Amino acid sequence: MSGHTDMVLVDENGMRIDGRTATEHRPIKIEAGVLKNADGSAYVEIGKNKVLAAVYGPRECHPRHLQDPTKAIVQCKYNMQAFSVSDRKRPGTDRRSIEISKITAEALENVVLTELYPRASIDVYIEILQANAGTRCAGLTAASVALADAGIPMRDIVPAIAAGKAVGQVLLDLNKEEDNYGQADVPIAIVPSTDEIVLLQMDGNMTREEFDRAIGMAMNACHEVYDLQKDALKRRYSANKTEEAEADE
Ligand code: ADP
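Residues numbered from 1 in each chain as written. Predicted model: local features only at pLDDT ≥ 70, side-chain atom pairs only at ≥ 80, totals over all residues. Heavy atoms only, no water.

A few points about the overall build of the protein chain
- The number of helices and strands found in the protein chain is four helices and ten strands.
- The N-to-C order of helical and strand elements in the protein chain reads β-β-β-β-α-β-α-β-β-α-β-β-β-α.
- A principal-axis box enclosing the C-alpha atoms of the protein chain has dimensions of 60 × 45 × 40 Å.
- In the protein chain, buried positions account for 48% of the 249 residues.
- When contacts within the protein chain are restricted to residue pairs at least 6 apart in sequence, those whose partners lie at least 24 apart make up 67%.
- For the protein chain, the exposed surface amounts to about 12,300 Å²; the carbon and sulfur share of it is 49%. (Helix = DSSP H or I, 4+ residues; strand = E, 2+ residues; numbered from the N terminus. Buried < 20%, exposed > 50% of the residue type's maximum accessible area, 1.4 Å probe, protein only. Contact = heavy atoms within 4.5 Å. Areas by Shrake-Rupley, 256 points an atom, 1.4 Å probe, with all protein chains shown as cover.)

Next comes the structure, spelled out in structure tokens:
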């Protein structure tokens, strides 16, 4: 954020370097149920971001001292692969991945009906295979589809996307160049049925008016992501029904 570049991030026609307007998100692809051995899974692409999420549980909570006798806990592990960025990333846990794991779990705890599974743990693994800014949102989007694919009761699924500011303009879904040389990045996640915000972070600076515009833009886009999440789950459900019908024949 806030580096200097000679790159024209937004041209005189309002076009961004990847051909988008200010209010357009990158192309999004979502697939549910991509892993055989997890209870639930999903694969998400948003532009050049490629993300896998796997869910296990509800299962016995380890370590046991984390067990809550009144409800299940959601544990999340966000991990960026060494090969996910152009300079090899040092593998393993760092402060950033701990932070993203925590905020992702907290966002998901808002929708999972945890009180149905006292003492249990619902474990969510997010693997970033390719990163191009916006991976925490892509990870959370994938994780909520994976939870639904695992059949875990939820009051809704959570879509996420960021808005931000670069070259003085409010832009939806910043790519890596815009994130590097921009002035602000505001990832959000919502519960679409109520428009509650369950994740909101801000890196950089914006005026109050720009902030309101960024939130409005990102909320609208979250509803588009939500439709794609539901489509992915419907496709998965009808594929399952076809498989079951073929097995019965
Ligand atoms: P997000 O991916 O949610 O936007 P950040 O704003 O922290 O999260 O990171 C922006 C982008 O910077 C990432 O998507 C990734 O492309 C890159 N990045 C983050 N951490 C590293 C790292 N340790 N090494 C190389 N690139 C990284």
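There's plenty left to go through after this.
Concerning a negative patch on the surface
- A cluster of like negative charges, contributed by Glu 243, Glu 244, Glu 246, Asp 248 and Glu 249, occupies part of the molecular surface.
- Residue Glu 243 is classed as partly exposed on the basis of its relative accessible area of 47%. (Patch = residues over 30% accessible without salt bridge, like charges linked within 9 Å, V, L, I, M, F, W, Y side chains within 5 Å. Salt bridge = Lys/Arg side-chain N within 4 Å of Asp/Glu carboxyl O. Lys, Arg positive; Asp, Glu negative; His and termini not counted. Charge placed at Lys NZ, Arg CZ, Asp CG, Glu CD.)

Points about the nonpolar core
- Within the largest apolar cluster, 65 residues are counted, with the highest numbers of intra-cluster contacts made by Val 124, Ile 126, Leu 140, Leu 147 and Ile 188.
- For this core, the leading source of residues is helix α4 (residues 208-248), giving eleven residues.
- Excluding anything up to four places from it in sequence, Leu 147 contacts Val 55, Leu 108, Val 112, Ile 122, Val 124, Ile 152 and Met 154.
- Membership of the second largest hydrophobic core comes to six residues, among which are Leu 9, Ala 22, Leu 171 and Leu 174. (Core = buried A, V, L, I, M, F, W, Y, C linked by side-chain atoms within 4.5 Å.)

Comments concerning the pairing of strand β7 (residues 169-172)
- As judged from the four bridges shared by strand β6 (residues 160-166) and β7, these two strands associate in the antiparallel manner. By the bridge assignment for β7, Lys 165 is matched with Val 170.
- In this antiparallel pair of consecutive strands, β6 and β7, the connection spans two residues, and Val 167 shows a positive phi of 40°. (Pairing = 2+ DSSP bridges.)

Brief notes about the sheet that holds strand β4 (residues 73-80)
- Strand order in the open sheet formed by five strands is β1-β2-β3-β5-β4, and the pairing between neighbours is mixed. Only two strands of the sheet have a single partner each, and these edge strands are β1 (28-32) and β4. Within this sheet the neighbouring strands show an average axis-to-axis angle of 15°, counted without direction.
- Across eight bridges, the pairing between β4 and strand β5 (residues 120-130) is parallel. (Axes fitted to C-alpha atoms, helices over the stretch in contact; angles between N-to-C directions.)

A word on the site of the ligand
- Residues in contact with the ligand, as listed here, are Met 80, Val 85, Lys 89, Arg 96, Ala 131, Asn 132, Ala 133, Gly 134, Thr 135, Arg 136, Lys 176 and Asp 179.
- Between the ligand and the protein, one listed contact pairs an oxygen atom with a backbone N or O atom of Ala 133 at 2.8 Å.
- The contact in question runs from an oxygen atom of the ligand to an N or O atom on the side chain of Thr 135, over 2.5 Å.
- With the chains in place, 76% of the 530 Å² that the ligand exposes on its own is no longer accessible. (Near = heavy atom within 4 Å. Polar contact = N/O pair within 3.5 Å; in protein donor to acceptor, adjacent residues only side chain to side chain.)

Observations concerning the packing of aromatic side chains
- Applying the stated criterion across every chain yields a total of one aromatic pair.
- Ring geometry for Tyr 56 against Tyr 125: centres 5.9 Å apart, planes inclined by 80°, an arrangement best described as edge-to-face. Residue Tyr 56 is found in strand β3 (residues 49-60), and its partner Tyr 125 is found in strand β5; the two are separated by 69 residues along the sequence.
- The class for Tyr 125 is partly exposed, based on a relative accessible area of 32%. (Phe/Tyr/Trp six-rings, centres within 6.5 Å; stacked < 30°, edge-to-face > 60°.)

Digging into the side chain of Asn 132
- By secondary structure assignment, the location of Asn 132 is in the loop between β5 and α2 (135-149).
- For Asn 132, a relative accessible area of 12% corresponds to the buried category.
- Non-local contacts of Asn 132, meaning those with residues more than four positions away in its chain, are made with Arg 26, Lys 48, Asn 49, Leu 174, Asn 175 and Lys 176.

Quick notes on the environment of Val 34
- By the element assignment, Val 34 lies in the loop between β1 and β2 (40-46).
- In this structure, the C-alpha to C-alpha distance between Val 34 and Asp 149, residues 115 residues apart in sequence, is 9.8 Å.
- With near-sequence residues (within four places) excluded, Val 34 lies in contact with Ser 41, Ala 42, Tyr 43 and Leu 52.

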